Amino acid sequence: MRVACQGGSRLDLFEYQGKQYFARFGIPVSPGGVADTEEEAVARAAAAGYPVVLKAQVQVGGRGKAGGIQLASNEQEVRHHARNILGMDIRGHRVSRLWVEHASDIAHEYYASFTLDRSSKKHLGLVSAKGGVEIEQVAAEDPDAIARVEIDPVEGLSAAVARRLVDAAGLHPEARAGAADILVKLYRCFVEGDADLVEINPLILTPDGRVHALDAKVTLDDNAAFRHPEWDEYRGTQVLDPRERLAREKGLQYVGLDGSVGIIANGAGLAMSTLDVVNQVGGAPANFLDIGGGASAAVMSNALEVINADPKVRAIFINIFGGITQGQEVANGIVEALARVTLRSPIVIRLDGTNAEQGRDILSRHQSDRLISRPTMVEAARTAVELAGAAQ
Ligand code: GDP
Ligand code: MN
């Protein structure tokens, strides 16, 4: 179960997903749509109504400063900005999707959020009249500009407390009723929506007196996913670590971990036991990788390629129990894979089960200090962990 936990228990949403989430709880957002191409951006802009704003969908703040947020008042400008922003690199995040929404006039920018305060075991609400900049910056420069409230999860957030919070934050009088109303909805979104964080920055007051969310940051608590079948769509757009992206492209069951022993096993159960054994003998697994039933040369070289791409890996432990997959196929797969992939790390292999003898025989012809065969799982784990340690 260790893998399930380390696999990530937070689900970060993109702005457009966060806004769609907000809208379900009645929080006002601007009309808009997503675009992955210039043509789509033009269509979304026409639907939203000019002027529009094009916004890079990356999970990193400060997109405006990086040039990832642009206003456009006609189709020509939309095309120009869409071409510029799509493909742009914003602090290591490549932009492949835009959110195009009807542009708002801004009178004032505020900040609002709810998080879980683990130390006090309560919910924490923050509101500030200084929005549009990172809240950490406000906290450092002008902490008094942030109004805080601790909320007992059992009691919830009443309209009266929400109103006191916006009063304390000193929002402009014409924004206070609308902001308090949004806070109550945002808190519902936080609790009923099973989020770890909901943040609106900026929450704006328009010149004609409306308050609404101009940005959305939502982190869902993945432990509650069983209650939310609709979250499945968010999983497909998750930003994976590069190793996991490569593994997914190659159709492998892979979870990245932090250690130095790369692991390949056939079957999820055996892969889990392999992690445990590596831990037991004092090593640290670099990953969970289940190659499933068939261990053909193609599958094996894909698996080795993914592990080889992980710079932390110092040794590779291949643990195969032949069932339907036969030992000689596995061995041939490994030998062929070694011809295709130039590995940085030595391989330790434990091969057992159907036709294991034949498989070991094939491997023994290629035995070297880069390819070591061990008869049992524990011995193989020890050797792999030693090699991983010795290589550091
Ligand atoms: P972030 O910087 O990545 O958090 O992106 P935001 O969505 O918060 O936008 C950054 C800034 O762009 C906002 O604080 C606004 O000043 C500006 N901006 C975003 N949308 C609009 C809009 O519809 N109209 C105007 N005038 N400015 C906008
Ligand atoms: Mn923002």
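Residues numbered from 1 in each chain as written. Chains lettered and ligands numbered in written order. Predicted model: local features only at pLDDT ≥ 70, side-chain atom pairs only at ≥ 80, totals over all residues. Heavy atoms only, no water.

A. Examining the packing of helix H12 (residues 327-340) against helix H13 (residues 356-364) more closely. Close contact between H12 and H13 brings their axes to 6 Å; oriented N to C, the two are set at 25°. Regarding the angle of H12 to H13, the classification is roughly parallel. In this structure, the crossing between H12 and H13 has a hand that is right-handed. Taken together, the residues of H13 that come into contact with H12 (itself represented by Gly327, Gln328, Ala331, Asn332, Ile334 and Val335) are Ala356, Gln358, Gly359, Ile362 and Leu363. (Axes fitted to C-alpha atoms, helices over the stretch in contact; angles between N-to-C directions. Helix = DSSP H or I, 4+ residues; strand = E, 2+ residues; numbered from the N terminus. Parallel < 35°, antiparallel > 145°, perpendicular 65-115°, else oblique. Left-handed = near helix turned anticlockwise from the far one by under 90°. Contact = heavy atoms within 4.5 Å.)

B. Looking closely at the packing of helix H10 (residues 268-280) against helix H14 (residues 377-390). Direction vectors running N to C along H10 and H14 enclose 55°, while the axes themselves pass 9 Å from each other. Relative to H14, the element H10 is oriented oblique. You can see that H10 and H14 cross each other, and the crossing is right-handed. Contacts between H10 and H14 involve Leu270, Ser273, Thr274, Val277 and Val278 from the former and Met377, Val378, Ala381 and Val385 from the latter. Across the contact of H10 with H14, the residue classes break down as 7 nonpolar, 2 polar and no charged. (Nonpolar A, V, L, I, M, F, W, Y, C, P; charged D, E, K, R; others polar.)

C. The site of ligand 1, seen in detail. As a structural note, the neighbourhood of ligand 1 is formed by 16 residues, with Lys55, Arg63, Ser104, Glu109 and Asn201 the closest of them. For ligand 1, an oxygen atom lies 2.7 Å from a polar atom in the side chain of Arg63. Take Ser104: an N or O atom from its main chain is 2.9 Å from a nitrogen atom of ligand 1. Coverage of ligand 1 by the protein amounts to 79% of the 570 Å² it exposes when considered alone. Every element with two or more residues in the shell around ligand 1 is listed here: strand E3 (52-56), strand E4 (69-72) and strand E11 (195-205). (Near = heavy atom within 4 Å. Polar contact = N/O pair within 3.5 Å; in protein donor to acceptor, adjacent residues only side chain to side chain. Areas by Shrake-Rupley, 256 points an atom, 1.4 Å probe, with all protein chains shown as cover.)

D. Expanded view of the coordination of the manganese ion (ligand 2). Within the protein, the manganese ion (ligand 2) binds to Asn201 (O) and Asp215 (OD); these donor distances fall in the range 2.2 to 2.3 Å. Here Asp215 lies in the loop between strand E12 (211-213) and strand E13 (217-221) and Asn201 lies in strand E11, a separation of 14 residues in the sequence. Here Asn201 matches Asp215 in class, with each residue buried. (Donors = N, O, S within 2.8 Å, 3.2 Å for Na, K, Ca; no water. Buried < 20%, exposed > 50% of the residue type's maximum accessible area, 1.4 Å probe, protein only.)

E. Focus on the nonpolar core. Residues Tyr21, Phe22, Phe114, Leu183, Val198 and Leu220 are the most contacted members of the largest nonpolar core, which totals 42 residues. Of all the elements in the fold, those that place two or more residues in this core are helix H2 (15-24), strand E8 (108-117), strand E10 (146-151), helix H6 (159-169), helix H7 (173-192), E11, E12 and E13. Of all hydrophobic cores here, the second largest spans 29 residues; its members include Tyr254, Leu304, Leu351 and Ile362. (Core = buried A, V, L, I, M, F, W, Y, C linked by side-chain atoms within 4.5 Å.)

F. Representation of the confidence of the model for the chain. Within the chain, residue pLDDT values average 91, and 96% of them lie at 70 or more. For residues 1-8, every residue scores under 50 in pLDDT, and the model assigns this stretch 11 contacts once sequence neighbours within four places are set aside. (pLDDT = per-residue confidence, 0-100.)

G. Structural detail: H6. Where H6 is concerned, the buried positions are Ala162, Leu165, Val166 and Ala169. Each buried residue of H6 sits inside an arc of 90° when the element is viewed along its axis, so together they form one side. Residues of H6 that are exposed and point more than 90 degrees away from the buried face comprise Arg164 and Ala168. With its phi angle positive at about 75°, Gly170 sits one or two positions after the end of H6. (Arc of directions from axis to C-beta.)

H. How the structure looks around the environment of Ile320. Here Ile320 lies in strand E17 (residues 315-322). Residue classification places Ile320 among the buried positions, given a relative accessible area of 0%. When the C-alpha positions of Ile320 and Asn266 are compared, they lie 5.6 Å apart, and in sequence the two are 54 residues distant. Setting aside anything within four residues of it in sequence, one finds Ile320 in contact with Ala265, Asn266, Leu270, Ile291, Met300, Val330, Arg350, Leu351 and Asp352.

I. Structural view of the packing of aromatic side chains. Under the criterion given, the structure shown has 6 aromatic pairs. A centroid spacing of 5.2 Å and a plane angle of 70° characterise the contact between Phe114 and Tyr187, whose relative ring orientation is edge-to-face. Placement of Phe114 in strand E8 and of Tyr187 in helix H7 is noted, with a sequence separation of 73 residues between them. What makes Phe114 buried here is its relative accessible area of 0%. Relative accessible area serves as the criterion here: at 6%, Tyr187 is assigned to the buried category. In this structure an aromatic cluster arises from ring pairing among Tyr21, Phe25 and Tyr234. (Phe/Tyr/Trp six-rings, centres within 6.5 Å; stacked < 30°, edge-to-face > 60°.)

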